[in-house]
Amino acid sequence: MSLFETSERANKIRADLLEFMDSHIYPAEPVYEKQMAESGDPHFQPPIIEDLKAEARKRGLWNLFHPHAEWGPGLTNLEYAPLAEIMGRSPHLAPESTNCGAPDTGNMEVFTLFGSDEHKEKYLKPLLDGTIRSAFAMTEPQVASSDATNVQLSMAKDGATGDYILNGRKWFASNALHANCKVMIVMGKTDPDAATHRQQSMMVVPIDAPGVTVMRGLTVFGYQDREGHAEIDFKDVRVPAKDVLKGEGEGFAIAQARLGPGRIHHCMRCIGMAERALELMCRRANSRIAFGKPISANSNIRDWIAEARIDIEMIRLLTLKAAYLMDTVGNKAAQVEIAAIKVAAPNIALTIVDRAIQVHGAGGVTEDFPLAAFWAHLRTLRLADGPDEVHKRAIARQELRKYLQDVR
C-alpha cells in the first residue's frame, strides 16, 4: 500500500471532480471571459459562476476543503490535496464554483475553530452556503508585512464601553472587492507593550462598518482580479469585544492555525497550473512548425518537457508529504515541509509556465491562453502568505539548530 494512498471515498470525489472539470469547468471558461468582457466591470459576478456553483453543489462537490465533518466532508489534508491540484487547472473558476476559494477557505476554518455561535450563524453558515464571501486584512502598505510583528493598525480599547477602536490602513485584502463580500477578518495591534507575539489580535469586521473605506483595487501585474485586492482605510471603526476572535493577543496563534492548510491548498493549485501549462506546451509544440519541423523536435523543447514532468512529480511528492505529516503529527512538526513547498511549488510552476509561454510565442502573453494569468498569479504567490525569503529563513534556522552542539 502506498504511503500516500487515500480513501475510496476521496478517490470517488476525485473522479467526480475530474468529470465536472471536463463537462462544465473547461467549457465555461470562454463563457466566463465573454460575460466579464461584456459587463465592463472587473468585479462583476458573472452568471456562469452561479450556474457552476449550483451544478457543483448538486454533484456533492461542495466545501471539499473543510476538514470538520460537521461543516464539510471531513477530508484529511492528504485527501484534499489532489482535489486542490485539479481545481488549480482553472483557478478563476473551479475553486469558487466548488466553494473552495481563498481566502474564504481559511476564514471559514477560523470561524469554525475560533468563532462564537453568533459568528457561525451570521457568517460561517452563509459562507458555507456560498451566498456571501469574505476578506482577510493583514498586510499593510507602510511596513514590511513579511514580519507580522510590524503590523501597526491600532486596535485601542475604549475603557467606557469595552469596544475596540480601529485606526490604520490595510492593503492586498483579497476578495474585498468581490460583489458578495460581506465580512473581513482583520489583524491589528491591541497591546504594543505585550510580549512580541501577544501584541496582535484578530477581529471580525463587516465590510460596510462605519469608518471602513475601500480606497482602491490594486492591480497584479496589470490584472484587475475579479475578487479584488483592496486597499482599505480604517478610521475610528468601532468593534464590539464579542467580535475579538479567541481573545485579545491571540492573533499569531490564529494565523498559524490558518496558514498551514492554506499553504497546502495554494501549493497543490500551483501544481494544477503547472500540469495544465505542460499539457498546453506539448500540444503547441506538436502542432507548430518552425524551420521545417515541429517545435517538439527541438532538443531544448524536449528538455523543457522532460524537466517539467520531473519537477512536477518531485514537488507533488513533497507537498503530499507535508499534507501527510500535518494529518499525522501536526502542523508544527511539519513546519519545515510546509515552508519548503511554499518556496518550491510556485517557483517550479512559474518556470514551467514561463517555458510554455515561450513555446506559444506571442500568443502566450495574450488572454487567448491562460498562461499569462497563471504567470501573474504564480509570481504573486511568491509573496503571498509570506515571501520566499521568510520561508527559507525558517528552514535554515531549523537546519542550523540541529548542529548547534557541534559549535565549540
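Presented here is an overview of the structure given in this document. Remember, it's a predicted structure, so these values are computed and weren't measured experimentally.

Looking at the overall build of the chain
Helices and strands together make up the secondary structure of the chain, namely 11 helices and nine strands. Taken against the 2.2 N^0.38 rule, which gives 22 Å for 408 residues, the C-alpha radius of gyration of the chain at 22 Å falls within 12% of a compact globule. With the C-alpha coordinates aligned to their principal axes, the bounding extent of the chain is approximately 80 × 70 × 45 Å. Counting across all 408 residues of the chain, residues that qualify as buried make up 51%. Looking at the chain alone, contacts between residues at least 24 apart form 73% of all its contacts between residues at least 6 apart. Taking the 48 positively charged and 53 negatively charged side chains of the chain as two groups, their mean positions are separated by 3 Å.

A look at the side chain of His 229
Secondary-structure assignment places His 229 in strand β7 (residues 229–239). Discounting residues that sit within four places of it in the chain, His 229 has contacts with Phe 172, Ala 173, Ser 174, Leu 177, Arg 216, Gly 217, Leu 218 and Val 220.

Digging into the pattern of salt bridges
Summed over the entire model, instances satisfying the criterion amount to 33 salt bridges. Of the charged contacts, one joins Lys 125 and Glu 121 as a salt bridge, the two residues approaching to 2.8 Å between their closest N and O atoms. One end of the pair is Lys 125 and the other is Glu 121, both in helix α6 (residues 117–129) and four residues apart, which spans about a single turn. Relative accessible area serves as the criterion here: at 35%, Lys 125 is assigned to the partly exposed category. Here the residues in one salt-bridge network are Glu 85, Glu 275, Arg 309, Glu 313 and Arg 316, joined through shared partners.

Brief notes about helix α1 (residues 8–39)
Over its 32 residues, α1 runs 43 Å from end to end, which matches the ideal 46 Å to within 8%, given 1.5 Å per residue. Of all the bends in α1, the largest measures some 45 degrees and sits at Met 21. Once α1 finishes, Gly 40 follows within two positions and takes phi at roughly 75 degrees, a positive value.

So, the pairing of strand β3 (residues 164–174)
Side-chain positions along a regular strand alternate between the two faces of the sheet. Relative to β3, strand β2 (residues 154–157) runs antiparallel, the two sharing four bridges. From the neighbouring strand, Lys 157 faces β3, where its bridge partner is Tyr 164. Between β2 and the antiparallel strand that follows it, β3, lie six residues; Gly 162 among them carries a positive phi value of about 85 degrees. Direction of pairing for β3 relative to β7: antiparallel, over a ladder of eight bridges. Across the sheet, Ser 174 pairs through a bridge with His 229, a residue of β7.

Some details on the packing of helix α3 (residues 77–88) against helix α8 (residues 299–328)
Look at α3 against α8: their axes get within 8 Å of each other, and the N-to-C directions meet at 145 degrees. Where α3 crosses over α8, the two elements pack in a sense that is right-handed. Contacts between α3 and α8 involve Asn 77, Leu 78, Ala 81 and Glu 85 on the former and, on the latter, Arg 316, Leu 320, Ala 323, Tyr 324, Met 326 and Asp 327. Its residues assigned to classes, the contact of α3 with α8 comprises six nonpolar, one polar and three charged.

Considering the environment of Leu 64
Looking at where Leu 64 falls in the secondary structure, it is placed in the loop between α2 (47–58) and α3. On a C-alpha basis, the gap between Leu 64 and Lys 189 in space is 33 Å, while along the polypeptide they are 125 residues apart.

Parameters at a glance
Residues numbered from 1 in each chain as written. Predicted model: local features only at pLDDT ≥ 70, side-chain atom pairs only at ≥ 80, totals over all residues. Heavy atoms only, no water. Helix = DSSP H or I, 4+ residues; strand = E, 2+ residues; numbered from the N terminus. Rg over C-alpha atoms; globule rule 2.2 N^0.38 Å. Buried < 20%, exposed > 50% of the residue type's maximum accessible area, 1.4 Å probe, protein only. Contact = heavy atoms within 4.5 Å. Lys, Arg positive; Asp, Glu negative; His and termini not counted. Charge placed at Lys NZ, Arg CZ, Asp CG, Glu CD. Salt bridge = Lys/Arg side-chain N within 4 Å of Asp/Glu carboxyl O. Expected span 1.5 Å × (residues − 1). Bend = angle between axes of the 7 residues up to and from the residue. Pairing = 2+ DSSP bridges. Axes fitted to C-alpha atoms, helices over the stretch in contact; angles between N-to-C directions. Left-handed = near helix turned anticlockwise from the far one by under 90°. Nonpolar A, V, L, I, M, F, W, Y, C, P; charged D, E, K, R; others polar.

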